[in-house]
Protein chains: 2
Amino acid sequence: MSLIVQKFGGSSVANAERVMNVARIVTDTYKAGNEVVVVVSAQGDTTDDLIAKAQEINPKAKNREMDQLLAAGEQISISLLAMAIESLGFPVISLLGWQAGFNTNSVYGSARIKNIKPNRLQAELARHNIVVVAGFQGINRYDDLTTLGRGGSDTSAVAIAAALHADKCQIFTDVEGVYTADPRKVENARKLKEITYDEMLELATLGAQVLNNRSVEMAKKYSVELEVLSSLNPIPGTIVKEVAKMEKMLIRGVTKDKDVALVSVLGVKDNPGVAFNIFSKLSQKNINVDIILQSFGRDNTKDIVFTVSKDNGPVAVKLLEESSHLQEAKIVCDTNVAKVSIVGAGMESHPGTATKMFEALYERDINIKMISTSEIKISVIIDAEDADRAVSAVHNAFIPND
Amino acid sequence: MSLIVQKFGGSSVANAERVMNVARIVTDTYKAGNEVVVVVSAQGDTTDDLIAKAQEINPKAKNREMDQLLAAGEQISISLLAMAIESLGFPVISLLGWQAGFNTNSVYGSARIKNIKPNRLQAELARHNIVVVAGFQGINRYDDLTTLGRGGSDTSAVAIAAALHADKCQIFTDVEGVYTADPRKVENARKLKEITYDEMLELATLGAQVLNNRSVEMAKKYSVELEVLSSLNPIPGTIVKEVAKMEKMLIRGVTKDKDVALVSVLGVKDNPGVAFNIFSKLSQKNINVDIILQSFGRDNTKDIVFTVSKDNGPVAVKLLEESSHLQEAKIVCDTNVAKVSIVGAGMESHPGTATKMFEALYERDINIKMISTSEIKISVIIDAEDADRAVSAVHNAFIPND
């Protein structure tokens, strides 16, 4: 007998028919002799509808009341799913975040889980119940409801799997697993059987929207084995774990991220502390900088180029223009760029990886504006219009065609 | 400074505009120097919508999960109202039933309040917050959500008023107070300035749907002064309290109730225990009997006639037909009847009251099938088609025309 945590997103429970579909997946798992905890998000557009209601009344509503409001979304979906499981004749109980013991800090809207008190969860499992838990939500020390922010239900599922030492945490989505590239865009994209936490983290960060970053970090920390699979076609998906077989591939995936702005600060006087000055200003405003490139300019000046998210591009330019240290510099922002990356734990022992990537791009006449590398990934910044061609070219170069 | 509890029903908060209207009433009360606790129901059709969602998935869903589902309705309305009050610049916090300390028994779907732990309510009032509380819901000893059933939000409001020793509990509805008869049906219907708990209880029981019975009982028990008034036109309404001025009226109101079935058991053998036999059978099935009439029939038999709610009529007939003691009796059910009643604490000292009522009916040629009296009310059962004429006739006879 295994203990399995299954997580279903909002689209998987969007209407009565889909709720019944999820109920069947869950009860099949239970029938096979497993203990099952199910974590669900709010139905389809419920969260957006609730936000719209709030906006109409008070666009600047406090986060405390927003969380009180939004937590109702999962309350509806868990009770409906429990009723569906009941109707199939299985013992079941639904638990809200606080009933399931989710204690969080008090950062309303993006709270962090402090701990899970699993007493109630364990008691319900001991009664042989299938336990349906509201994802995305918890309670703080004041007994007020909190929500975990974007991707919070993935994190809830992994946290429960960690707290209960579950054998597996299955994340059901609308794709069949993690692919070497976006299968809607790249014809030869292949589903991966296995991938490491670190690779998954890089892929998630680089724009593959399969799993939330925080949930992968938590899975790695507590060694929770994850599986990404489809709720519409529940065949084996992709396993995420510490060590993964390489399947004769040098890299795991090629990703594209268009949410990039390239900010150039040109002709900065070459004084000590200039870089510090720029990046401390940005971090004070919570602007995350991704890739940084510094080069010598003319006449004892230098050029500093960096990338931020698209939204933050104009904000960063305005901040730097106001800086007294950068009066003589020319500051420009290019939002018409994209980041294409390859990810794979094996690449560090294959020195030719970067060359192979650059060659693939060169053959298609795609110009590289910036390069950034880590132990398990290589990213390039290119023109946005070249992005899809670049992904295909790089994918063809690295991923063997079946 | 007074402490005032205000309760608003679902139609009063049905959309953004109405929520803002309620926020203005509440903040006007707060601005006048009062402490304010607001109890709200779920918005407009929310509860019905949630029930429909459940029905689609599992028409026989357990009450525990239904309560988990339905409690989301008030969670939405309280947070939206709190946001509306925030937008007007006032300090406010919303509390779910369990956050407000509502402890109930475990009869899901129609739970009874066991006690209110007012610590959180008092702490929030001490912080000068307007406190918005979810009506209709509480928590049981297992930390599971419960709902109070029909009219539960009225009961929640009165319970808070009792627990906090509030100076007044205002029940806002879509009518301007308690009337001597249904103002949509009876032209001369007058709004009452004051009415006693007992009179209000009789009126509520007899079909005036202004206040829920349980809430009036609780108000009487804890001496909570109630006021019934309109959320759309918040002029002074009707005060409900222990002793009320009579305003030169012999009676407080005339009501009509069409939810009546008349069951006749004719030609029962006149043995001891026959009546006990009939009514114990009904009570075992939770069928409430209202009026009972027993008379002698022919040949050492008797006739027993009684009223139940319309739904229960056919159920009662079936039950009695199956009884071995009533094999020779003829059992018939008439659902085409109505009950018209007058209510007034003063009538016991005016022996002519009943005569005056019967005279008014006789003058309109309305036949009386049954009569039932208590210290403060007189009810008659008549043909359903005569009901509206009967109410008018009786109202004209008793209520002075302004």
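Every chain begins its residue count from 1, and numbering advances along the sequence as written. Throughout, the order in which chains and ligands are written sets their labels, letters from A for the former and numbers from 1 for the latter. Reporting in this predicted model follows two pLDDT cut-offs: at least 70 for local features of residues, and 80 or more for side-chain atom pairs to be given and counted; totals over whole chains, interfaces and linings ignore these cut-offs and use all residues. Note that water and hydrogens are dropped before the side-chain values are worked out from all heavy atoms of the structure.

Some remarks on the relation of the copies chain A and chain B
Move 1: Alignment of the copies relies on least squares applied to C-alpha atoms, considering only residues that score at least 70 for pLDDT in both. Mapping chain A onto chain B is achieved by rotating through 179 degrees and translating by 0.1 Å along the same axis, at an RMSD of 0.1 Å. Taken together, these values place the two copies in the relation of a two-fold axis. Within chain A, the C-alpha atom positioned nearest to the axis of rotation is that of A:A72, 2.4 Å from it.
Move 2: Looking at the interface residues of chain A, 100% of them are also at the interface in chain B, so both copies use one shared face. Note on contacts: a residue pair is in contact if any heavy atoms of the two residues lie within 4.5 Å.

Side note on helix α2 (residues 46-57) of chain B
Given 3.6 residues per turn, any residue in an α-helix points the same way as the ones three and four places further on.
Move 1: In this model α2(B) runs 17 Å from its N-terminal to its C-terminal C-alpha over 12 residues, within 8% of the 16 Å that 1.5 Å per residue would give.
Move 2: All buried positions along α2(B) are accounted for by B:T46, B:L50, B:A54 and B:I57. One side of α2(B) carries all its buried residues, which in axial view fall inside an arc of 70 degrees. Facing away from the buried side of α2(B) by more than 90 degrees, the exposed set consists of B:D48 and B:E56.
Move 3: Of the surrounding elements, those touching the buried residues of α2(B) are α1 (16-31) and α3 (63-87) of chain A together with α3 (63-87) of chain B. Helix numbering and strand numbering both begin at the N terminus, where a helix is a DSSP run of H or I of at least 4 residues and a strand a DSSP run of E of at least 2. Multiplying 1.5 Å by the residue count of a helix minus one yields the expected span of that helix. Each residue's exposure class comes from its accessible area (1.4 Å probe, protein chains only) as a fraction of the maximum for that residue type: buried when under 20%, exposed when over 50%, partly exposed otherwise. This arc describes the spread of directions from the helix axis toward the C-beta atoms.

Some thoughts on the environment of B:I130
Residues and elements named next belong to chain B.
Move 1: Within the secondary structure, I130 sits in strand β6 (residues 130-134).
Move 2: Overall, I130 belongs to the buried group, its relative accessible area being 0%.
Move 3: The residues contacting I130, other than those within four sequence positions of it, are V26, T27, Y30, V36, V38, I85, F90, P91, V92 and I93.

So, unusual backbone geometry
All names here are of chain B.
Move 1: The backbone of H165 sits at a positive phi, close to 50 degrees, despite the residue not being glycine.
Move 2: Tracing the backbone through its elements, the reader meets H165 in the loop between α5 (152-163) and β9 (168-173).
Move 3: At S223, a residue that is not glycine, the phi angle is positive and equals roughly 50 degrees.
Move 4: Relative to the assigned elements, S223 resides in the loop between α7 (213-221) and β11 (226-230).
Move 5: Exposure remark for S223: the relative accessible area of 57% places this residue in the exposed category.

Focus: the pairing of strand β14 (residues 261-269) of chain B
Residue and element names in this part refer to chain B.
Move 1: Following DSSP output, two strands are said to pair if at least two bridges run between them. Pairing of β14 with strand β16 (residues 301-308), which is carried by 7 bridges, proceeds in the antiparallel orientation. Across the sheet, V263 pairs through a bridge with F306, a residue of β16.
Move 2: Sheet topology places β14 next to strand β17 (residues 330-334); 5 bridges connect them, and they run antiparallel. Residue pairing across strands places S264 opposite V332, the latter belonging to β17.

Considerations on the UniProt feature "binding site: substrate" (unreviewed entry) in chain A
Residues and elements named next belong to chain A.
Move 1: Those residues carrying the UniProt feature "binding site: substrate" (unreviewed entry) are T47 and E74 in this numbering. A maximum C-alpha distance of 8.9 Å is found for the annotated residues, which run over 28 residues; spatially they form one tight group.
Move 2: Assignment of secondary structure puts T47 in helix α2 (residues 46-57).
Move 3: The topology assignment puts E74 in helix α3.
Move 4: Discounting chain neighbours no more than four positions away, the residues touching E74 are V40, S41, A42, A134, G135, F136 and Q137. UniProt positions are given in the numbering used here, feature names are shortened, and annotations may be inferred rather than shown by experiment.

What about the sheet that holds strand β19 (residues 370-373) of chain A?
All names here are of chain A.
Move 1: What the 4 strands build is an open sheet, ordered β13-β18-β20-β19; its pairing is antiparallel. Each edge of the open sheet is held by one strand with a lone partner, namely β13 (253-257) and β19. Sheet twist, expressed as the average angle between the axes of neighbouring strands with direction ignored, equals 20 degrees.
Move 2: Of the pairings in the sheet, the one linking β19 to strand β20 (residues 377-383) comprises 4 bridges and is antiparallel in character. Across the sheet, S372 pairs through a bridge with S379, a residue of β20.
Move 3: Fitted lines through C-alpha atoms give the axes, limited to the stretch in contact for helices. The angle between two N-to-C directions lies from 0 to 180 degrees. Across the sheet, helix α10 (residues 353-363) is in contact with β18 (337-343), β19 and β20; its angle to β20 comes to roughly 20 degrees.

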